[in-house]
Amino acid sequence: MTTFAKPSHIGRKISRIRELRDMKQEALAQALGTNQQAISALENSETIDDEKLKQIAKALGVNVEALKNFSEEAAINYFNNFYDNSGSNGAFAHGPIFTFNPLEKLIEAYEENKKLYERLIQAEKDKVEYLEKILKDK
């Protein structure tokens, strides 16, 4: 029994790299000077000519070889190895270091909203006071 290797689907690779880069089809289309429908068609293509591939790679910020050789498994292994081996050089010996505290950000947002609501309430009070003054003058 023989097994045939499934041909590489370059469009899916482009799509996945675009998603990993947190880029929408519209943004890639704009970078390539085309429209979203054309990007959708590209991502459904099994093959793409080398010149177009160079343009896409540049727009995605990767090289052509990265596009051609991309695999989901390799990407996962890369990030797993990066995290697993990161303690060896002391960079993340105790896990990642966050530059912000999520709780502080939440409190900060609460304080900003509180100030906004206070200003809105004061504006409404000022309106009521102004309208009462107008009514009193009549």
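As shown above, the structure is provided for reference.
This section reports on the structure supplied with the text.

What counts, and at which threshold
- Residues numbered from 1 in each chain as written.
- Predicted model: local features only at pLDDT ≥ 70, side-chain atom pairs only at ≥ 80, totals over all residues.
- Heavy atoms only, no water.
- Helix = DSSP H or I, 4+ residues; strand = E, 2+ residues; numbered from the N terminus.
- Contact = heavy atoms within 4.5 Å.
- Areas by Shrake-Rupley, 256 points an atom, 1.4 Å probe, with all protein chains shown as cover.
- Salt bridge = Lys/Arg side-chain N within 4 Å of Asp/Glu carboxyl O.
- Buried < 20%, exposed > 50% of the residue type's maximum accessible area, 1.4 Å probe, protein only.
- Polar contact = N/O pair within 3.5 Å; in protein donor to acceptor, adjacent residues only side chain to side chain.

Here we look at the overall build of the protein
Working step 1: For the protein, the helix and strand inventory stands at seven helices and zero strands.
Working step 2: What you see in the protein, going N to C, is helices and strands ordered as α-α-α-α-α-α-α.
Working step 3: Sequence separation of at least 24 residues holds for 57% of the intrachain contacts in the protein that already meet a minimum separation of 6.
Working step 4: Of the roughly 11400 Å² of accessible surface on the protein, a fraction of 55% belongs to carbon and sulfur atoms.

What about the pattern of salt bridges?
Oppositely charged side chains can pair when the atoms bearing their charge come close.
Working step 1: Taken as a whole and judged by the stated rule, the model has four salt bridges.
Working step 2: Between Glu 19 and Arg 16 there is a salt bridge, with the nearest N and O atoms lying 3.2 Å from each other. Taken together, the residues Glu 19 and Arg 16, both in helix 1 (residues 10-20) and three residues apart, mark about one turn of the helix.
Working step 3: Since its relative accessible area comes to 28%, Arg 16 is described here as partly exposed.

Considerations on the side chain of Glu 43
Working step 1: One can find Glu 43 in helix 3 (residues 36-43).
Working step 2: Among the polar contacts listed, one links the side chain of Glu 43 to the side chain of Arg 18, at a separation of 2.5 Å.

Focus on the environment of Lys 68
Working step 1: For Lys 68, the location among the structural elements is in helix 5 (residues 64-69).
Working step 2: The spacing of Lys 68 and Ser 8 is 60 residues in sequence and 8.2 Å in space, taken between C-alpha atoms.
Working step 3: Not counting chain neighbours up to four residues away, the residues in contact with Lys 68 comprise Ser 8, Ile 10, Lys 13, Asp 50 and Leu 53.

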